[in-house]
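Each chain, letter by letter, is given below.
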Amino acid sequence: MTTSAPAFDSAALPALCVDLDGTLVKSDTLVDSTLALARYHPAMLLRIPGWLLQGKAALKRHITSSVSLDVAHLPYNRELLQFLEQQHAEGRAIYLTTAADSALANRIAEHLGLFQGVLASDGALNLAGHNKLAAFRETFGDQFCYIGNASPDLPLLENCHHPMVANPTRGLQSALRKARITPARTFSETVFPLKAWVKALRIHQWAKNVLLFLPMLLGHNLHPALLLASLLAFLSFGLCASATYVVNDLLDLEADRQHPRKRRRPFASGDLSAISGVAVVLIFLAASLAIALALPHAVARVSPDLALRRPYQFLVWLGIYAVTTLAYSLRLKRAVLVDVIVLSGLYTIRILAGSAATGIEASAWLGSFSIFFFLSLAFVKRFAELENLRERGGEVAKGRGYHISDLEQLRSFGSASGYVSVAVLTLYISNLDAAQLYTHTKRLWLLIPVLLLWISRLWLQASRGQLDEDPVLYAITDRRSLLLGVVVLAIVLSAL
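Quick caveat: nothing in here was measured; it's all calculated off a predicted structure.

**Notes on helix 13 (residues 274-302)**
Part 1: Taking 1.5 Å per residue, 29 residues should reach 42 Å; helix 13 reaches 41 Å between its end C-alpha atoms and fits that length.
Part 2: At Leu295, helix 13 shows its maximal bend, which comes to roughly 35 degrees, and the proline Pro296 appears one to four places after that position.
Part 3: Of all the residues in helix 13, the buried ones are Ala274, Gly277, Val280, Val281, Phe284, Ser288, Ile291, Ala292, Leu295, Pro296 and Val299.
Part 4: Looking at the packing, one finds that the buried side of helix 13 touches helix 1 (29-40), helix 9 (193-200), helix 11 (224-251), helix 14 (313-330) and helix 15 (338-358).

Okay, structure coming up:
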């Protein structure tokens, strides 16, 4: 045990001892440090089993010495922090007492400037549960108050004056009821779990997976078996995409906490635990894989004559998507220009996956249009991020590699890509391929001004700083965009 607590005067008020993980900080700093290790030193994850054999305290010491969490941006329990600041102003002796490693605990104590001393794990002794209680009795006798949050804190809450809790777990709440202990005060800073999960899983991003239906719709083939295949592909991709978004958020905890908007994300803010996030990733990936494997069998059962020639081609594209998004989260998102190429490619992969799921070949026209159109969306996403950064007085996008000076070049790249996609559409309408699918091809020319209007308006709003950093969210929430979408649908239907 490492302690920097001075001798305690029992004649004074009982020492106020505060737990760290889940209490003062809403997250688990060991898990946060492990995720930072996975982000910056992934090869070192292979050493964790060996470190664990040395004991949990040694594991914490090794991980803490390998990475350095940004203690200024940890998700502190603001209600509890305000209480501690009040107690400190009144001269109360406050101690940070945690099972986290002493190196991290001391950095947090130094940053906050509220604690008279620190008791923490020292690489040999894991200061939790009864070990922590023994350390308290050695340092404070029986004159201490305690604030905790989980079941291991029960022995301390049973033996302290004025037990208090912060965001208590269900297990601790049940244990306190059985022990007939009523907390003197509860510091609660939580959100409704379902709301947090909907936000973390990016359900609105499932709108991108509508692209999986394009090969079937543009091929004018609405056979029930193909519709079922597209629906299963949509669900499989949605689950996989949500899992990859969670992986991205877990690996980006440190960067997100320094971002004015992203720090509110459920994992960065501590509203959801990283452990639950890892569990959801595994469950969603397993479910996505199971659906992908079942897809060709479902098509064959509904319509044996439409059995897919390459039954597991969709699974291949799903795997390519998962690997690409993981590579993007780990490294490619920090490679200038490569990141936008990858982002636009992920849209095109969805179209190719839809083609594989239904057996309807995606035309070269559709592929060409999607590459340039979605490249424009990828550029506008980066442009909006830089524009917002400029408004905040920043110079370099952290973790991206872009500079404020790149704004004009990104605007040129992005707007040019958008207009090239319109040019591709004009060439398609003029080609005989369109005449084979549409009776009134001349009506398709009405799509050109609509698309030009939407792209131009998108970039105009981005230039004015009025665009959310997520163009997909903009497209599905902006009233004019939705109205133009209805107009596009009406034009296409009239041309059939």
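**Here we look at a nonpolar patch on the surface**
Part 1: A cluster of nonpolar residues, Phe192, Leu194, Val198 and Ile203, forms a patch on the protein surface that exposes about 390 Å² of accessible area.
Part 2: For Phe192, a relative accessible area of 57% gives the class exposed.

**Regarding helix 5 (residues 102-112)**
Part 1: Along helix 5, the positions that sit buried rather than exposed are Ser102, Leu104, Ala105, Ile108, Ala109 and Leu112. Taken end-on, helix 5 shows its buried residues confined to a sector of 160 degrees, consistent with a single buried face.
Part 2: The N-capping residue of helix 5, defined by a side-chain oxygen 3.1 Å from the backbone nitrogen of Ala103, is Asp101.
Part 3: Where helix 5 ends, the next residue or the one after it, Gly113, has phi of about 65 degrees, a positive value.

**Here we look at the packing of aromatic side chains**
Part 1: What the rule picks out here adds up to 18 aromatic pairs.
Part 2: Plain terms: the ring middles of Phe373 and Phe374 are 5.2 Å apart, the flat faces sit at 80 degrees to each other, and that makes the pair edge-to-face.
Part 3: According to the relative accessible area criterion, Phe374 is buried, its value standing at 9%.
Part 4: A ring pair is formed by Trp454 and Tyr474, whose centres lie 6.4 Å apart and whose planes are at 40 degrees; its orientation type is tilted. Here Tyr474 lies in helix 20 (residues 471-477) and Trp454 lies in helix 19 (residues 447-463), a separation of 20 residues in the sequence.
Part 5: Looking at Trp454, the relative accessible area reads 12%, which means it is buried.
Part 6: Every member of this aromatic cluster is reached through a ring pair, and the members are Tyr347, Phe369, Phe373, Phe374, Trp454 and Tyr474.
Part 7: Above the ring of Tyr347, the side-chain terminus of Arg350 is found at 5.8 Å from the ring centroid.

**Some remarks on the pairing of strand 5 (residues 144-148)**
Part 1: The element strand 5 is extensively covered by neighbouring structure, given that 5 of its 5 residues are classed as buried.
Part 2: As paired elements, strand 2 (residues 15-18) and strand 5 share 4 bridges and run parallel to each other. By the bridge assignment for strand 5, Val18 is matched with Ile147.
Part 3: As paired elements, strand 5 and strand 6 (residues 161-166) share 3 bridges and run parallel to each other. Considered in strand 6, the bridge of Gly148 is made with Val165.

**A few points about the side chain of Asp32**
Part 1: Here Asp32 is to be found in helix 1.
Part 2: Side-chain polar atoms of Asp32 contact the side chain of Ser27, separated by 2.7 Å.
Part 3: Excluding anything up to four places from it in sequence, Asp32 contacts Ser27, Leu69, Leu74, Leu253 and Arg257.

**Regarding the environment of Asp28**
Part 1: Note on placement: Asp28 falls in the loop between strand 2 and helix 1.
Part 2: A polar contact is formed between the side chain of Asp28 and the backbone nitrogen of Leu30, at a distance of 2.9 Å.

**Remarks on the pattern of salt bridges**
Part 1: On inspection of all chains with the given rule, the structure shows 17 salt bridges.
Part 2: Across the pair Arg39 and Asp252 runs a salt bridge, and its minimum N-O distance is 2.4 Å. Of this pair, Arg39 sits in helix 1 while Asp252 sits in the loop between helix 11 and helix 12 (253-257), and the two are 213 residues apart along the sequence.
Part 3: You can call Asp252 buried: its relative accessible area is 9%.
Part 4: Two residues, Asp101 and Arg61, come together in a salt bridge whose shortest N-O distance is 2.7 Å. Here Arg61 lies in helix 3 (residues 56-66) and Asp101 lies in strand 3 (residues 94-101), a separation of 40 residues in the sequence.

**Here's the deal with the packing of helix 13 against helix 14**
Part 1: The contact between helix 13 and helix 14 brings their axes to 8 Å, and the two run at 155 degrees. If you check the angle between helix 13 and helix 14, you find them roughly antiparallel. On the side of helix 13, the interface is formed by Ser288, Leu289, Ala292, Leu293 and Leu295, while helix 14 contributes Phe314, Leu315 and Leu318.
Part 2: Here the contact of helix 13 with helix 14 is built from residues that sort into 7 nonpolar, 1 polar and no charged.

**Focus on the nonpolar core**
Part 1: Residues Phe237, Leu295, Phe314, Phe373, Leu425 and Trp454 are the most contacted members of the largest nonpolar core, which totals 68 residues.
Part 2: Of all the elements, helix 16 (residues 364-391) adds the most residues to this core, at 13 residues.
Part 3: Among all residues touching Phe314, those that are not within four sequence positions of it are Leu212, Ala233, Ser236, Phe237, Ala292, Leu295, Ala353, Ala356 and Ala357.

**Regarding unusual backbone geometry**
Part 1: Of note in the backbone geometry, His162 takes a positive phi value of approximately 50 degrees without being a glycine.
Part 2: Position of His162 relative to the elements: it lies in strand 6.
Part 3: Phi angles above zero are rare outside glycine, and Arg202 is one such case at about 55 degrees.
Part 4: Note that Arg202 resides in the loop between helix 9 and helix 10 (214-218).

**With respect to the confidence of the model for the protein**
Part 1: With 96% of its residues at a pLDDT of 70 or more, the protein shows a mean pLDDT of 90.
Part 2: The model gives residues 5-11 a pLDDT under 50, and that stretch makes 15 contacts with residues more than four places away or in other chains.

Calculation notes
- Residues numbered from 1 in each chain as written.
- Predicted model: local features only at pLDDT ≥ 70, side-chain atom pairs only at ≥ 80, totals over all residues.
- Heavy atoms only, no water.
- Helix = DSSP H or I, 4+ residues; strand = E, 2+ residues; numbered from the N terminus.
- Expected span 1.5 Å × (residues − 1).
- Bend = angle between axes of the 7 residues up to and from the residue.
- Buried < 20%, exposed > 50% of the residue type's maximum accessible area, 1.4 Å probe, protein only.
- Contact = heavy atoms within 4.5 Å.
- Patch = residues over 30% accessible without salt bridge, like charges linked within 9 Å, V, L, I, M, F, W, Y side chains within 5 Å.
- Areas by Shrake-Rupley, 256 points an atom, 1.4 Å probe, with all protein chains shown as cover.
- Salt bridge = Lys/Arg side-chain N within 4 Å of Asp/Glu carboxyl O.
- Arc of directions from axis to C-beta.
- Polar contact = N/O pair within 3.5 Å; in protein donor to acceptor, adjacent residues only side chain to side chain.
- Phe/Tyr/Trp six-rings, centres within 6.5 Å; stacked < 30°, edge-to-face > 60°.
- Lys NZ or Arg CZ within 6 Å of the ring centre and 35° of its normal.
- Pairing = 2+ DSSP bridges.
- Axes fitted to C-alpha atoms, helices over the stretch in contact; angles between N-to-C directions.
- Parallel < 35°, antiparallel > 145°, perpendicular 65-115°, else oblique.
- Nonpolar A, V, L, I, M, F, W, Y, C, P; charged D, E, K, R; others polar.
- Core = buried A, V, L, I, M, F, W, Y, C linked by side-chain atoms within 4.5 Å.
- pLDDT = per-residue confidence, 0-100.

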